[in-house]
Amino acid sequence: MAQPSKEELKEAFKKADEAGTGQLNFNQLKSLMLAMASDEQKTEGGIDQIADLIMKMTDINGDKMVDYEELVKFIYDEETDPKEKMREAFRLCDTDRDGFICKKELAEFLKLAGGDKEEETGDESKLKIVVMMALFDQDGDGKLSYQEFCDMME
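In short, a report on the structure. (Residues numbered from 1 in each chain as written. Predicted model: local features only at pLDDT ≥ 70, side-chain atom pairs only at ≥ 80, totals over all residues. Heavy atoms only, no water.)

1. Quick notes on the overall build of the chain
When helices and strands are counted, the chain shows nine helices and two strands. Along the chain, helices (α) and strands (β) appear in the sequence α-β-α-α-α-β-α-α-α-α-α when read from the amino end. Along the first, second and third principal axes, the C-alpha set of the chain runs to 50 × 30 × 25 Å. Sorting the 154 residues of the chain into buried and exposed places 34% on the buried side. Partitioning the contacts of the chain with sequence separation of at least 6, the portion at a separation of at least 24 is 55%. Carbon together with sulfur atoms contributes 53% to the accessible area of the chain, which is approximately 9500 Å² in total. Across the chain, 21 positive and 38 negative side-chain charges occur, with their mean positions spaced 2 Å apart. (Helix = DSSP H or I, 4+ residues; strand = E, 2+ residues; numbered from the N terminus. Buried < 20%, exposed > 50% of the residue type's maximum accessible area, 1.4 Å probe, protein only. Contact = heavy atoms within 4.5 Å. Areas by Shrake-Rupley, 256 points an atom, 1.4 Å probe, with all protein chains shown as cover. Lys, Arg positive; Asp, Glu negative; His and termini not counted. Charge placed at Lys NZ, Arg CZ, Asp CG, Glu CD.)

The following block contains the structure:
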């Protein structure tokens, strides 16, 4: 998806925001993305997954809504604070929003980040998760806290 200008994004956001609330839910975000996608991108699919990722990374308060400013920050990478970038990455991993990253969530994150190579067997991937948990799960509770996640990412 080619990066739209901020003006194009604003217009598309207004159209998708039918109620005029200044926020989009998942379906509205998906509609916005489909409106801005090329025919080739629509044919390839994957809009659902991309919309889901954007929602997870931009939905700071967990209300399953994204506002225009959050979307602009995300699309144009206007957030320069490294701590905020780390919080975004943590939110992306913490899919159940419990404030921790379990082994399953870590495995999904590694797949998404390209760290789970196709050549790796399932056993090799599981071993990698076990090793990462052993190294970074400092309190031994079987999941990574935000601080433990930050330590792992450094």
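2. Some points on the side chain of glutamate 70
Mapped onto the elements, glutamate 70 comes out in helix H5 (residues 68-75). Although buried, glutamate 70 forms no salt bridge, and the nearest oppositely charged side chain, arginine 91, lies 7.3 Å from it. (Salt bridge = Lys/Arg side-chain N within 4 Å of Asp/Glu carboxyl O.)

3. Examining helix H7 (residues 103-112)
Within the sequence span of H7, burial applies to Glu105, Leu106, Phe109 and Leu110. Here the buried residues of H7 occupy an arc of 140° about the axis, which is enough to place them on one side. Against helix H6 (82-93), helix H8 (122-136) and helix H9 (146-153) lie the buried residues of H7. (Arc of directions from axis to C-beta.)

4. Focus on the pattern of salt bridges
Under the defined criterion, the tally for this structure stands at one salt bridge. Across the pair aspartate 48 and lysine 30 runs a salt bridge whose closest N-O atoms are separated by 2.8 Å. In this pair, aspartate 48 sits in helix H4 (residues 47-58) while lysine 30 sits in helix H2 (residues 26-36), placing the two residues 18 residues apart along the sequence. Of the residues examined, lysine 30 reaches a relative accessible area of 25% and is grouped as partly exposed.

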